[in-house]
Amino acid sequence: SLRRFKAALKRVVYEAGPTGYGLARALRNAGLPAEVVAPGKTPQPANRDSKSDRLDCRKLAEFAEKGLLKPVAVPTEEEEGDRQVVRLYEQLTKKRRRVMQQIKSLLLMHGIPQPEGLKHWTKTGVAALADLDLAPPLRLALDCLVEELTHLTDLRDHVRAAMKKVSRQTRHRAKERRLRTHPGVGETAALAFLTEVYQPERFEDAEALAKYVGLAPRVSQSGQTRREGPLMKTGRGSLRALLVQASWKWIAQDEQALGVFNRLWRNTGSKQKAIIGMARRMAVNLWCMLRRKEDYRRAA
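These notes cover the structure that comes with them. (Residues numbered from 1 in each chain as written. Predicted model: local features only at pLDDT ≥ 70, side-chain atom pairs only at ≥ 80, totals over all residues. Heavy atoms only, no water.)

### Thoughts on the overall build of the chain
Then, number 1: Each helix and strand in the chain was counted, giving 11 helices and five strands.
Then, number 2: Taking 300 residues into account, the globule formula puts the C-alpha radius of gyration at 19 Å, and the chain, at 24 Å, lies well above it.
Then, number 3: For the chain, the spread of C-alpha atoms along the principal axes amounts to about 75 × 55 × 45 Å.
Then, number 4: Looking at the chain as a whole, 38% of its 300 residues qualify as buried. (Helix = DSSP H or I, 4+ residues; strand = E, 2+ residues; numbered from the N terminus. Rg over C-alpha atoms; globule rule 2.2 N^0.38 Å. Buried < 20%, exposed > 50% of the residue type's maximum accessible area, 1.4 Å probe, protein only.)

Next up, the structure:
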């Protein structure tokens, strides 16, 4: 229906949501100037009036005309598909961890000693759960949880194999290898960064990248007073967690990075804040490596 107005249309905008980017790609393929905007960056009036789809569309049109909307990068179908594989692996890992916690909670609640090896969830430890002498109701509950754990483990392994195939694709192979030259960065962290920070050239500077991954503090400044508050936890929380985990490995492998970490620790008085600072440095390093097409180089 928009084709009739194609000659007069300057912009077509809609807010990002659960429906993804398929509509934006379809509109662009039809030659329409479509943009997806970030809902969190849309201006909000102090006093909200009546709300309806028609009114929301009218406000978006007004904001677009005044240049007040913040468009987001629309991934290609390939980029969105690759990202979904990595996210699926993260989701299965979380579900698996939750079932592990349920099994240990069940044993603790009923005073059942944990089998040897369950602390690290070895195959021997999980198999020993079947040999526990339990009342029929408890045996049923435990068997169901163990079956769910086995199923999630198999699914996670299957998706991990799919992730390896994605990383070996021509479009990712060289980039993934380059990111892994950074100390502390492994396969999962490298591919997660590649798929979440797609089109790295779209970020104007390191500050924009840090905000995107949720590693920039909320700044409050009035006159000469400047305060840095908690992180603006935008972006994907799982990527932020991977960067923090990789940063612990980084400082364990690199004496220079450990020195920076210790300086941040002294200045902030908090190990957690110091490792967040290192995670931000790692994110910026990885972004620069992608943009410059260079392997990791330790600072002089």
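That shown, we press on.
### Some points on helix H2 (residues 53-65)
Then, number 1: In this model, H2 (13 residues) spans 18 Å end to end at C-alpha, consistent with the 18 Å of a helix rising 1.5 Å per residue.
Then, number 2: Taken together, the buried positions of H2 are Leu60, Phe63 and Ala64. Along the long axis of H2, the arc covered by the buried residues comes to 100°, so they all point the same way. In H2, the exposed residues that point more than 90 degrees away from the buried face are Arg54 and Glu65.
Then, number 3: On its buried side, H2 packs onto strand S1 (12-15) and strand S2 (34-37).
Then, number 4: In the segment just after H2, glycine 67 is the residue with positive phi, at about 70°. (Expected span 1.5 Å × (residues − 1). Arc of directions from axis to C-beta. Contact = heavy atoms within 4.5 Å.)

### Observations regarding the pairing of S1
Then, number 1: In this sheet, S2 lies alongside S1 in parallel orientation, the contact comprising four bridges. Within S2, the position partnered with tyrosine 14 by the bridge is valine 36. (Pairing = 2+ DSSP bridges.)

### Thoughts on the packing of aromatic side chains
Then, number 1: Applying the stated criterion across every chain, the model contains three aromatic pairs.
Then, number 2: A network of ring pairs unites the aromatic residues Trp248, Phe261 and Trp265 as a single cluster. (Phe/Tyr/Trp six-rings, centres within 6.5 Å; stacked < 30°, edge-to-face > 60°.)

### So, the pattern of salt bridges
Then, number 1: The full count for this structure, using the stated rule, is 16 salt bridges.
Then, number 2: Two residues, arginine 11 and glutamate 35, come together in a salt bridge whose shortest N-O distance is 2.4 Å. Of the two residues, arginine 11 is situated in the segment before S1 and glutamate 35 in strand S2; the sequence distance between them amounts to 24 residues.
Then, number 3: Aspartate 143 is the partner of arginine 139 in a salt bridge, and the nearest nitrogen-oxygen pair spans 2.8 Å. Linking arginine 139 with aspartate 143, this pair stays in helix H5 (residues 136-167), spanning four residues, or about one helical turn. (Salt bridge = Lys/Arg side-chain N within 4 Å of Asp/Glu carboxyl O.)

### Considerations on the layout of surface pockets
Then, number 1: Estimates place the volume of the largest pocket at around 1100 Å³.
Then, number 2: Lining the largest pocket are 31 residues, and of these Ala38, Lys41, Val72, Arg202 and Tyr212 sit closest to its centre.
Then, number 3: For the lining of the largest pocket, the secondary structure elements donating two or more residues are strand S3 (71-72), helix H3 (77-109) and helix H8 (206-212).
Then, number 4: Here the lining of the largest pocket is composed, by residue class, of 14 nonpolar, five polar and 12 charged.
Then, number 5: Put simply, the second largest pocket is a space of about 720 Å³.
Then, number 6: Forming the boundary of the second largest pocket are 23 residues, of which Val13, Asp56, Cys57, Leu60 and Ala61 lie nearest the centre.
Then, number 7: Looking at the lining of the second largest pocket, the elements with two or more residues in it are S1 and H2.
Then, number 8: Take the lining of the second largest pocket: its biggest share by element is nine residues, from H2.
Then, number 9: For the lining of the second largest pocket, the class distribution of residues is 12 nonpolar, two polar and nine charged. (1 Å grid on protein atoms, 1.4 Å probe; cavity = no way out; pocket = protein on both sides within 12 Å on 5 of 7 lines; lining within 4 Å. Points joined across faces, edges and corners; volume = space filled by probe spheres on them. Nonpolar A, V, L, I, M, F, W, Y, C, P; charged D, E, K, R; others polar.)

### Quick word on unusual backbone geometry
Then, number 1: Positive phi is not limited to glycine here, since tryptophan 121 has a value of about 55°.
Then, number 2: Structurally, tryptophan 121 is set in the loop between H3 and helix H4 (123-128).
Then, number 3: You can call tryptophan 121 buried: its relative accessible area is 16%.
Then, number 4: Although it is not a glycine, lysine 293 sits at a positive phi angle of roughly 60°.

### Brief notes about empty space enclosed by the protein
Then, number 1: Evaluated as defined, the whole model comprises one cavity of 30 Å³ or more.
Then, number 2: The greatest single-element share of the lining of the largest cavity, amounting to four residues, is contributed by H5.
Then, number 3: Here the lining of the largest cavity is built from residues that sort into two nonpolar, two polar and three charged.

### Looking at the environment of alanine 162
Then, number 1: For alanine 162, the position within the fold is in helix H5.
Then, number 2: Sequence separation between alanine 162 and tyrosine 89 is 73 residues; the distance between their C-alpha atoms is 9.5 Å.

### Some thoughts on the nonpolar core
Nonpolar side chains in soluble globular proteins generally cluster together in the buried interior.
Then, number 1: One finds Ile103, Phe193 and Leu243 to be the most contacted residues of the largest nonpolar core, which totals 59 residues.
Then, number 2: Of all elements in the fold, only H3, H5, helix H7 (187-196), helix H9 (237-253), helix H10 (255-268) and helix H11 (271-292) reach the threshold of two or more residues within this core.
Then, number 3: It is H11 that contributes the most residues to this core, 13 residues altogether.
Then, number 4: Membership of the second largest hydrophobic core comes to seven residues, among which are Tyr14, Ala24, Val36 and Ala73. (Core = buried A, V, L, I, M, F, W, Y, C linked by side-chain atoms within 4.5 Å.)

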